[in-house]
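Coordinate inspection notes
As a plain string of letters, each chain reads:
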Amino acid sequence: MIRLVDFTKQNRLLNKKLIRAIEKVIDNQKYILGPEVEMFEREFAKYCGAKYTVGVGSGSDALLLSLRALGIKSGAEIITVANTFISTVLPILHVGARPILVDADPNTLSMDISLIEKKITARTKVIIPVHLFGLPVDMDPLLRLAKIFNLSIIEDACQAHGAKYKGRTVGSIGDIGCFSFYPSKNLGAFGDAGAVITNKKYIADSVGLLRNVGQKEKNIHSVIGYNSKLDTIQAAILLTKLPYLSRWIKQRRAIASYYTTNLSGLPLVLPSEPDYALASYHLYVIRTKHRDRLKEYLQKHDIARGIHFPIPIHLQPCMRILGYKKGDFPVSEKVSSEVLSLPLYPEMTKREQDTVILHIKKFFKGN
Ligand SMILES: *Cc1c(COP(=O)(O)O)cnc(C)c1O
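Everything numeric here is computed off the predicted structure, so don't read it as measured data.

**Observations concerning the domain arrangement of the chain**
- Partitioning the chain into domains gives domain 1 (8-102 + 110-243) and domain 2 (244-365).
- Of note, the centres of domain 1 and domain 2, computed from C-alpha atoms alone, are 24 Å apart.
- The interface of domain 1 with domain 2 comprises 43 residues on the first partner and 36 residues on the second.
- Of the roughly 3,300 Å² buried between domain 1 and domain 2 on both sides combined, carbon and sulfur atoms contribute 63%.
- Between domain 1 and domain 2 we count zero salt bridges in total.
- Where domain 1 touches domain 2, the interface holds 16 residue pairs in polar contact (both at pLDDT 80 or more).
- For the side of domain 1 that touches domain 2, the elements supplying multiple residues, two or more each, are helix H1 (8-28), helix H4 (90-94), strand E3 (98-102), strand E6 (164-165) and helix H7 (232-241).
- The greatest single-element share of the side of domain 1 that touches domain 2, amounting to five residues, is contributed by E3.
- Class assignment of the residues belonging to the side of domain 1 that touches domain 2 gives a composition of 24 nonpolar, ten polar and nine charged.

The structure is reproduced here in structure tokens:
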């Protein structure tokens with residue numbers, strides 16, 4: 001069986017270091033906001049080229065606390081994309097603001113930035129670009145719009161740790177960058193975890209308050225906060241894994257490149273990388289009209305595959321309140337029936353990749 005993501009080798013390699021890091025937390029008894037949290041925050045900020053990192057409970061909470069730190073509340077409009085994970089959009093609703101969606105670009109599958117300007121109104125406060133699958137969004141046009149219309153940019157970098165846009169690490173380009181350390185992400189904890197990065201002290205301070213029940217000093221609660229701190233044990237795990245992240249991204253890129261070389265020529269649309277981008281390949285997503293049959297075929301041959309994402313945001317049952325309908329975002333709708341994510345993780349072997357490639361070739365020969 002070839003899995004979509006397989007941690008067996010990575011866990012074996014890091015086992016001793018991880019156990020030692022966890023034991024240290026257990027012995028130290030600083031289970032909440034222990035020293036590992038601050039150590040990880042410092043290291044992750046350095047890795048991203050940002051001034052501040054604040055560790056939080058998840059990527060979803062990173063987005064929620066970021067919106068709160070910017071003072072977003074009901075009446076505000078937040079522009080983001082229809083082709084993303086639900087957690088990009090849920091926090092907008094949680095603060096009472098209104099998500100304004102744009103369609104995906106048919107080449108990159110992420111936000112079509114040419115559609116944004118006409119959605120900007122006097123109520124627009126924030127744009128949330130999503131670096132989908134680890135491919136950076138073209139940020140310069142967004143930064144220009146943000147400047148002209150006085151908007152903030154929150155990068156949803158939950159799938160894009162270490163990806164680069166014109167040499168800059170994503171998450172550090174806009175006002176705020178949000179990361180998830182959900183286990184299968186490029187840098188994964190052993191549970192839920194997330195982080196906010198920023199160069200602005202007032203935002204880092206604000207998120208720091210919000211994550212800790214709004215507590216400025218013990219028992220003084222200055223804002224309506226949340227309980228969404230990065231766990232000390234998860235921080236210790238992330239701190240152990242972070243030194244390997246650059247190598248893992250190189251391995252992901254090599255695996256992606258091998259897929260691209262060997263799958264070209266088949267009736268598939270393969271991921272591409274614009275000049276401005278150095279993608280971190282959280283996912284390798286191919287497209288075909290025969291998606292559902294290819295999916296079954298691979299399953300029959302013990303090859304796992306994913307679909308990111310089968311239903312665009314505006315057609316999710318919980319998003320009916322937004323008033324969108326089928327046909328509103330045709331690119332997102334079309335690709336949701338065509339996308340297929342192939343197995344990809346840093347330790348994947350050439351042999352495993354060859355098996356995946358062979359079966360995809362066989363499938364198309366039989367068609
Ligand atoms: C994973 C993910 C999130 C949310 O992260 P969690 O840690 O699971 O809350 C948000 N946005 C995108 C694009 C993601 O892939």
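**Some remarks on helix H8 (residues 245-263)**
- Its 19 residues place the ends of H8 27 Å apart at the C-alpha level, agreeing with the 27 Å of an ideal helix rising 1.5 Å per residue.
- Every buried residue belonging to H8 is among Leu245, Trp248, Ile249, Arg252, Ile255, Ala256, Tyr259 and Leu263, and all of these are buried. Buried positions in H8, seen along its axis, are confined to an arc of 125 degrees and lie on one side of it. Away from the buried face of H8 by more than 90 degrees, exposed residues Lys250 and Thr261 are located.
- Buried residues belonging to H8 abut H1, helix H2 (35-48), H7, strand E13 (284-287), strand E14 (339-342) and helix H11 (350-365).
- Gly265 sits one or two residues past H8 and shows a positive phi near 100 degrees.

**Re the sheet that holds strand E9 (residues 194-198)**
- One open sheet accounts for seven strands, arranged E1-E9-E8-E5-E4-E2-E3; its pairing is mixed. Looking along the sheet, the strands with just one partner apiece sit at the ends: strand E1 (52-56) and E3. Direction aside, neighbouring strands of the sheet carry axes that sit 25 degrees apart on average.
- When strand E5 (residues 152-156) meets strand E8 (residues 176-180), the two strands line up parallel, connected through three bridges.

**Topic: the pattern of salt bridges**
- In the structure shown here, the tally under the stated rule is 13 salt bridges.
- The shortest N-O distance in the salt bridge between Glu77 and Arg123 comes to 3.0 Å. Placement of Glu77 in strand E2 (residues 77-81) and of Arg123 in the loop between E3 and strand E4 (124-127) is noted, with a sequence separation of 46 residues between them.
- On the basis of relative accessible area, Glu77 is assigned to the buried category, the value being 7%.
- You can call Arg123 partly exposed: its relative accessible area is 48%.
- Asp205 is paired through a salt bridge with Lys201; the nearest N and O atoms lie 2.9 Å apart. Of the two residues, Asp205 and Lys201 are both situated in helix H6 (residues 201-211); the distance of four residues between them amounts to about one turn of the helix.

**Structural notes on the side chain of Gln10**
- In this structure, Gln10 sits in helix H1.
- By relative accessible area, which is 6% here, Gln10 ends up buried.
- At 3.1 Å, the side chain of Gln10 forms a polar contact with the side chain of Glu347.
- Setting aside its immediate chain neighbours within four residues, Gln10 contacts Lys241, Trp248, Pro346 and Glu347.

**Focus on unusual backbone geometry**
- Following His308, the chain continues into Phe309 via a peptide bond in cis, with omega recorded as 10 degrees.
- Assignment of secondary structure puts Phe309 in the loop between helix H9 (291-300) and helix H10 (330-336).
- With phi around 65 degrees, Gln29 is a residue other than glycine that occupies positive phi space.
- Positionally, Gln29 belongs in the loop between H1 and H2.
- Notably, Lys166 is not glycine yet its phi reads approximately 45 degrees, a positive angle.
- Counting through the fold element by element, Lys166 comes out in the loop between E6 and strand E7 (168-169).

Reading the values: the criteria
- Residues numbered from 1 in each chain as written.
- Predicted model: local features only at pLDDT ≥ 70, side-chain atom pairs only at ≥ 80, totals over all residues.
- Heavy atoms only, no water.
- Domains from an automatic or database assignment.
- Contact = heavy atoms within 4.5 Å.
- Buried area = accessible area lost by both parts, 1.4 Å probe.
- Salt bridge = Lys/Arg side-chain N within 4 Å of Asp/Glu carboxyl O.
- Polar contact = N/O pair within 3.5 Å; in protein donor to acceptor, adjacent residues only side chain to side chain.
- Helix = DSSP H or I, 4+ residues; strand = E, 2+ residues; numbered from the N terminus.
- Nonpolar A, V, L, I, M, F, W, Y, C, P; charged D, E, K, R; others polar.
- Expected span 1.5 Å × (residues − 1).
- Buried < 20%, exposed > 50% of the residue type's maximum accessible area, 1.4 Å probe, protein only.
- Arc of directions from axis to C-beta.
- Pairing = 2+ DSSP bridges.
- Axes fitted to C-alpha atoms, helices over the stretch in contact; angles between N-to-C directions.

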